[in-house]
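Secondary and tertiary structure notes
Here is what each chain is made of, one letter per residue.
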Protein chains: 2
Amino acid sequence: MIQANFTSVLSFHFPPVQYKTTRARKNICNLNIHPCKTLIIRFSFFSTELKMDPDALAKAFVEHYYRTFDTNRAGLANLYQEGSMLTFEGSKVQGAQAIVEKLVALPFQQCQHVISTVDCQPSGPASGVLVFVSGSLQLAGEQHALKFSQMFHLMPIPQGSYYVFNDIFRLNYA
Amino acid sequence: MIQANFTSVLSFHFPPVQYKTTRARKNICNLNIHPCKTLIIRFSFFSTELKMDPDALAKAFVEHYYRTFDTNRAGLANLYQEGSMLTFEGSKVQGAQAIVEKLVALPFQQCQHVISTVDCQPSGPASGVLVFVSGSLQLAGEQHALKFSQMFHLMPIPQGSYYVFNDIFRLNYA
């Protein structure tokens, strides 16, 4: 069986978004046979002129993150790595496994996030993106939603995806 | 007149804080005569083992930032550089001058920030520190304080200080 797997340095763990790829050069960088004998062709973009749109990245990430949180919280593990940090209401944990264990063990199961604002900025020379979110969290059986603010620092990895390096969450008590 | 000016690679624009300097080697790296003929001795620490305490840095920064905001807003210019970015209630500006002009031109003069929480995390390979703040903002003549959340990304500069590279502010509407 022959399988063509098209990826780029701008692919995502979370859903792909639009980029400004003007004058970016597209190259086949890998052509090899996978151990299970499927043919894998990987595409990458190589150009310093290629510009990512942080706003589109932030929007796609936020939609994916909170949808996953509300429907399959354990699935958030894919978004973190071993160096990732979470500070949840002042409690710090590090590493994808510990972070997801913390999130899964929160004292509520069913919930729904409603996002009010999403701000983002590039974070500097490491090509990361800072995402700052405000919104409300409706817990099942509770009359009033809880206001919250949360920030993420998304960092690129060589394979072309982004992951959450920093995650800080706070409820906004009235 | 002889003047000894002790600095280190961990000095700050804002007030100095405590560090874990275990096993750090202290060296005199400069000994020269200033044009005004004061003797300036500069100390630096050279050790990969020297660890900054992000919590102490964040606490010192937050105290300095909001005290300056509430008493001498124009003085915040020292904390930003040309590459710095501010997103204030969704409005983006870049560069120290534009940022301070934006802050000085906000439609209130007298105000007082009261800080509720300060969270921080190291931001990655560039040795930055993320600071996440929640609190309330009391405007002169207003009955109720406004809740806000704000995040800063502090980045080191070769001279040993930190500056604000990213700054995102949002009011938390009830």
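Please refer to the structure higher up on the page.
Residues numbered from 1 in each chain as written. Chains lettered and ligands numbered in written order. Predicted model: local features only at pLDDT ≥ 70, side-chain atom pairs only at ≥ 80, totals over all residues. Heavy atoms only, no water.

1. As for the sheet that holds strand E7 (residues 146-156) of chain B
Two orientations exist for strands paired in a sheet by backbone hydrogen bonds: parallel and antiparallel. Residues and elements named next belong to chain B. Put simply, the rule reads: Two strands qualify as a pair provided DSSP detects at least 2 bridges between them. Note on conventions: DSSP H or I runs of at least 4 residues are helices, E runs of at least 2 residues are strands, and numbering of each starts at the N terminus. Lines fitted to C-alpha atoms define the axes here, with helix axes fitted over just the stretch in contact, and angles between the N-to-C directions of these axes take values from 0 to 180 degrees. Throughout, a residue-residue contact means that at least one pair of heavy atoms, one from each residue, lies within 4.5 Å.
Ordered in space as E4-E3-E8-E7-E6-E5, the six strands form an open sheet in which the pairing is mixed. Only two strands of the sheet have a single neighbouring strand rather than two, namely strand E4 (91-94) and strand E5 (111-122). Along the sheet, successive strands turn relative to each other by an average axial angle of 15°, direction set aside. Strand direction decides the pairing type here: strand E6 (residues 129-139) and E7, joined by nine bridges, are antiparallel. Bridge pairing in E7 links Leu137 to Leu146. Helix-sheet contacts for helix H1 (residues 54-71) involve strand E3 (80-88), E5, E6, E7 and strand E8 (162-171), and the interaxial angle to E5 is about 155°.

2. Remarks on the interface of chain A and chain B
For clarity, the threshold we go by: Summed over both partners, the accessible area lost on bringing two parts together, with a 1.4 Å probe, is the buried area. Salt bridges, as used here, are contacts in which a Lys or Arg side-chain nitrogen is within 4 Å of a carboxyl oxygen on Asp or Glu. Pairs of N or O atoms are called polar contacts if they sit within 3.5 Å, as long as, within protein, a hydrogen donor faces a hydrogen acceptor (for residues adjacent in sequence, only side-chain-to-side-chain pairs). Throughout, the ten residues Ala, Val, Leu, Ile, Met, Phe, Trp, Tyr, Cys and Pro are labelled nonpolar, Asp, Glu, Lys and Arg are labelled charged, and all others, Gly among them, are labelled polar.
Tallying the contact residues gives 31 residues for chain A and 31 residues for chain B. Regarding the contact of chain A and chain B, the summed buried area is about 2500 Å², with carbon and sulfur atoms giving 61% of it. There are four salt bridges connecting chain A and chain B. Ionic pairing is found between A:Lys92 and B:Asp55, a salt bridge with its closest N-O pair at 3.6 Å. There are 17 residue pairs in polar contact (both at pLDDT 80 or more) connecting chain A and chain B. For the side of chain A that touches chain B, the secondary-structure elements that each account for two or more residues are strand E3 (80-88), strand E5 (111-122), strand E6 (129-139), strand E7 (146-156) and strand E8 (162-171) of chain A. In terms of residues, the side of chain A that touches chain B owes the most to one element, E7(A), which gives six residues. When its residues are assigned to classes, the side of chain A that touches chain B shows 14 nonpolar, 11 polar and six charged.

3. Some words on the sheet that holds E3(A)
Residues and elements named next belong to chain A. Taken in spatial order, the six strands of this open sheet run E4-E3-E8-E7-E6-E5, and their pairing is mixed. Two strands lie at the open edges of the sheet, namely strand E4 (91-94) and E5, each paired on one side alone. Strand after strand, the sheet turns through a mean of 15° between neighbouring axes, direction not considered. Relative to E6, E5 runs antiparallel, the two being bridged by 11 bridges. Within E6, the residue paired with Thr117 across the bridge is Ser134. Sheet strands touched by helix H1 (residues 54-71): E3, E5, E6, E7 and E8. Its angle to E5, the strand with the most contacts, is close to 155°.

4. Examining the packing of aromatic side chains
Applicable threshold: Two aromatic rings from Phe, Tyr or Trp, using only the six-membered ring of Trp, form a pair when their centres are within 6.5 Å; if the ring planes differ by under 30 degrees the pair is stacked, by over 60 it is edge-to-face, and anything between is tilted. Summary of the burial criterion: residues with accessible area below 20% of their type's maximum are buried, those above 50% are exposed, and those between are partly exposed, where the area comes from a 1.4 Å probe applied to protein chains only.
Overall, the coordinates contain 21 aromatic pairs over all chains when judged by the stated rule. Between A:Tyr163 and A:Phe165, the aromatic rings sit 6.3 Å apart at their centres with planes inclined by 85°, giving edge-to-face as the arrangement. Classification of A:Tyr163 by relative accessible area gives buried; the value is 12%. Ring geometry for B:Tyr66 versus B:Phe148: centroids 5.8 Å apart, planes at 50°, classification tilted. In this pair, B:Tyr66 sits in helix H1 while B:Phe148 sits in strand E7, placing the two residues 82 residues apart along the sequence. When sorted by exposure, B:Tyr66 lands in the same class as B:Phe148, which is buried.

Just distances and angles here, no functional claims.
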